[in-house]
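What follows is each chain in one-letter form.
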Amino acid sequence: MSDTRPLKKSKTKHTSTSISEIEAEHAEAEMLAHPPAAEDRSLHFHDGGEFNLEKRHETSAAYGERLGSGKKNPFTGENFSTKYFDILKVRHDLPIHQQRAEFLEMFHSTQIMVLVGETGSGKSTQLPQFVLYDDMPHLIGKQVACTQPRRVAAMSVAARVAEELDVKLGEEVGYNIRFENMTSNKTILKYMTDGMLLREAMEDHELSRYSCIILDEAHERTLATDILMGLLKQLSDRRKDLKIIIMSATLDAEKFQRYFNDAPLLAVPGRTYPVEIYYTKEFQRDYLDAAIRTVLQIHATEDEGDILVFLTGEEEIETAVKKITLEGEQLVREEGCGPLKVYPLYGSLPPHQQQRIFEPAPQAFKKGGRPGRKVIVSTNIAETSLTIDGVVYVVDPGFSKQKVYNPRIRVESLLVSPISKASAQQRAGRAGRTRPGKCFRLYTEEAFQKELIEQSYPEVLRSNLANTVLELKKLGIDDLVHFDFMDPPAPETMMRALEELNYLTCIDDEGGLTSLGRLASVFPLDPMLAVLLIGSPAFKCSEEILTIVSMLSVPTVFIRPSGEGAKRAADEAKKLFAHPDGDHLTLLNVYHSFESDEAHEVGQRKWCIQNFLNYRSLKSAQSVRKQLRRMMESHDVDLIEGNYESLSYYDNIRKALANGFFMQVAKKKSTGKGYITVKDSQDALLHPSTVLAQQDEWVIYNEFVLTSKNYIRTITSVRPEWLVEFAPEYYDLENFQQGDVRMSLARVHERVAKMKKASS
DNA sequence: GAGCACTGC
């Protein structure tokens, strides 16, 4: 039934390098009441003791253990709970515990160190605690920070560590993520997202409140992590008292060491099971089909154990789920196989459906019968963000959707591309979390060796850097060209970013931050949206623009289910909100309706379902709006509500949009179909989701998407006179080559000149 | 007349 077999067995044994040691359930850590401290503190050593500041950065592992195993919590002075000692036993069994002394020795001898640790080593939870006992931040009024790339990780690790230290979450141990600051003036260990620490660095370049900064999951190379690394490298010269620890999965430890001036390395073993790797003999033309057949074959021939399949996107996953389910039923009927339950898993799936992957595998039809099995068909989300125990078989076709940036046409797009060796190893590791497993790679061993790159490209090489450059400027980095990136981005990408910021007047011609740029950097938005927001009071509609910007900052609010009838119904529902001038105004209508009395009477959640709208997106637009509004207030950006009765209500909003989006304009082609972008002369079609008819000559667009065709998406019609008026330098005729756009613009300039003459 | 891998502020 399958020509992907016989699979060649490789001798390679693989050990997982999985990431989060802490599962979500720890987030619900039970908080115990602390009994009041009654006894005096004289019973030192065999009964614990107190911190001794003189020993700071000179303590031994025994010192920390003595303090941590006494009667009283040395951080709070209160008696430890019995639960504390139960957890302490478990912690002592973690591999990293053996290396506490080794860690302290290295920590004392160097300012910057690199720590690599595999899954289950306990590095994210234990290491920061080792630091606390030696660094004693509470005695010198400082804090220890530990960054995570994801919010859930920051929250759940913090909850776990608070439990381990027998303190209340938010007091000695807390976390800080966007929209939620769970810390207090007692906090000495703070888990936070990497983006959050970057924000703090923009306010305080010295990061002076910290005595030690731990960057966790550094191998993921998020934009924020990369910038922080460059920053910390610089800062380590100015602040000799600041300790820095870079934590990573094993693969690229040397690169981190080299980057940080040959920083010493500590490696801690993980706790995972070996995974056998199988390759196909031949190249698989149709990886989707091969993946489905491999799953069915595993089900028919392999021992008990769940299957995890990696595919690239929602549509592909839903197709695979349907096919596997159908053919699985056939296997049950014809071959007497056990039951098969198939679950999709991807980011845009609502949380309760994501949770279903944790349901237990189906039972065999009869006792002692062939095993039932659970199959999870997932995007990359199961590679890093979510861990599923019980997976024994991994099917890896070797592809994922990755963001790529083309600086020439200034477009970010998603492309199905081969994964890296590191990713392949990470995927394989997912099979060895509970017992030895198998990984079926749907490509040849030769392809793995020769064609896959070692590491995925870091985000900084795949993104538009306008926002990053603005952040760096705000961080006080004047010389961007010589900023020490671990992987420097292409010069053209930097040039594009500087050019864009210059057009937005966020930086002047000398590359210096302008006052507008400084203000724009306050907002957690793309510079263009920030400038749009800051400019909106001039058009007497900043409340409305604030709403539109918030709606543009969350996942799409429109739901369009599959199935012909449902699609039609969803399209009809959308028409109720449609504004003839475009999608931005349509978003405004949706938001207003969401907050209307009518929606509240029905119940917002129900109202959303009735109107094919995404409740979660709208709620998050609300919280984004609240945050941005606060920032506008504190930075004196006027909040002005447009006059809905006025005839110019919508025109004012469109003017404000034109003022912000003047770089993202397309013009209807005078001959032929479709539109052409004004700056880069790219052919583009209006995305079919637009509410606009195809007749408006000039439009601004929110994004340019490359899929089956070139599309511009989220579009509003504007008058060209506005563009010329608001961005005269950008629309100077000399900037345009001969052609359609220039000819039209010339006529616009003439009209404007005539009008001026007539009125004077 | 079509889709949004995953994060983060």
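Residues numbered from 1 in each chain as written. Chains lettered and ligands numbered in written order. Predicted model: local features only at pLDDT ≥ 70, side-chain atom pairs only at ≥ 80, totals over all residues. Heavy atoms only, no water.

A. Region of interest: the UniProt feature "domain: Helicase C-terminal" (unreviewed entry) in chain A. On the UniProt side, "domain: Helicase C-terminal" (unreviewed entry) is annotated at positions that read residues 294-476 here. Counted over residues 294-476, helix gives 35% and strand 24%. Its end C-alpha atoms are 54 Å apart. (UniProt positions renumbered as here; feature names shortened; annotations may be inferred. Helix = DSSP H or I, 4+ residues; strand = E, 2+ residues; numbered from the N terminus.)

B. How the structure looks around the domain arrangement of chain A. In terms of domains, chain A is made up of domain 1 (61-268), domain 2 (275-457), domain 3 (464-522), domain 4 (529-642) and domain 5 (663-759). Centre-to-centre separation of domain 2 and domain 4, based on C-alpha positions: 36 Å. (Domains from an automatic or database assignment.)

C. Up close: the sheet that holds strand β21 (residues 698-706). Read around the closed barrel, five strands run β18-β19-β20-β22-β21, paired in mixed fashion. Here the average twist between neighbouring strands, direction ignored, is 50°. Sheet topology places β21 next to strand β22 (residues 710-717); seven bridges connect them, and they run antiparallel. Within β22, the residue paired with glutamate 703 across the bridge is arginine 713. The strands touched by helix α27 (residues 740-759) are β18 (665-668), β19 (675-677) and β21; relative to β18, the strand with the most contacts, the crossing angle is about 90°. (Pairing = 2+ DSSP bridges. Axes fitted to C-alpha atoms, helices over the stretch in contact; angles between N-to-C directions. Contact = heavy atoms within 4.5 Å.)

D. How the structure looks around the protein's contact with DNA strand B. Contacts to DNA strand B come from 31 residues, most closely from Arg151, Gly347, Lys401, Thr556 and Thr707. In DNA strand B, the atoms that sit within 4 Å of the protein are 57% sugar and phosphate, with bases accounting for the remainder. In this structure, a phosphate oxygen belonging to DNA strand B sits 2.9 Å away from a main-chain N or O atom of glutamate 314. Between arginine 713 and DNA strand B, the recorded distance is 3.2 Å, taken from a side-chain N or O atom to a phosphate oxygen. For the surface near DNA strand B, the secondary structure elements donating two or more residues are α6 (194-203), β15 (399-406) and β22. Taken together, the residues of the surface near DNA strand B break down into nine nonpolar, 11 polar and 11 charged. (Near = heavy atom within 4 Å. Polar contact = N/O pair within 3.5 Å; in protein donor to acceptor, adjacent residues only side chain to side chain. Nonpolar A, V, L, I, M, F, W, Y, C, P; charged D, E, K, R; others polar.)

E. Main features of the confidence of the model for chain A. Looking at chain A as a whole, the pLDDT averages 88, with 94% of positions reaching at least 70. With pLDDT under 50 throughout, residues 1-46 is counted as low confidence; its partners more than four residues away or in other chains account for 119 contacts. (pLDDT = per-residue confidence, 0-100.)

F. Local environment of a negative patch on the surface. Residues Asp508, Asp509, Glu510, Glu729, Asp732 and Glu734 make up a contiguous surface patch of negative charge. Structurally, aspartate 732 is set in the loop between α26 (720-726) and α27. (Patch = residues over 30% accessible without salt bridge, like charges linked within 9 Å, V, L, I, M, F, W, Y side chains within 5 Å. Areas by Shrake-Rupley, 256 points an atom, 1.4 Å probe, with all protein chains shown as cover. Salt bridge = Lys/Arg side-chain N within 4 Å of Asp/Glu carboxyl O. Lys, Arg positive; Asp, Glu negative; His and termini not counted. Charge placed at Lys NZ, Arg CZ, Asp CG, Glu CD.)

G. Structural detail: the sheet that holds strand β4 (residues 173-177). Sheet architecture is open: eight strands sit in the order β5-β4-β6-β3-β7-β8-β2-β9, paired in mixed fashion. Pairing within the sheet leaves two strands with one partner each, and these edge strands are β5 (180-182) and β9 (265-268). Within the sheet, the average angular offset between the axes of one strand and its neighbour, ignoring direction, is 20°. Across four bridges, strand β7 (residues 210-215) lies against strand β8 (residues 243-248) in parallel orientation. Across the sheet, residue isoleucine 214 finds its bridge partner in β8, namely isoleucine 245. Where helix α5 (residues 151-164) meets the sheet, it contacts β3 (143-148), β4, β5 and β6 (189-193), and its direction lies at approximately 170° from that of β4.

H. Spatial organisation of the packing of helix α19 (residues 542-552) against helix α25 (residues 649-660). Packing of α19 against α25 leaves a shortest axis separation of 10 Å and a crossing angle of 55°. Taken as axis vectors, α19 and α25 run oblique relative to one another. The element α19 and its partner α25 pack so that their crossing is right-handed. Between α19 and α25, the residues in contact are Glu544, Ile545 and Ile548 and Tyr649, Ile653, Ala656 and Leu657, respectively. Class assignment for the residues of the contact of α19 with α25 results in six nonpolar, no polar and one charged. (Parallel < 35°, antiparallel > 145°, perpendicular 65-115°, else oblique. Left-handed = near helix turned anticlockwise from the far one by under 90°.)

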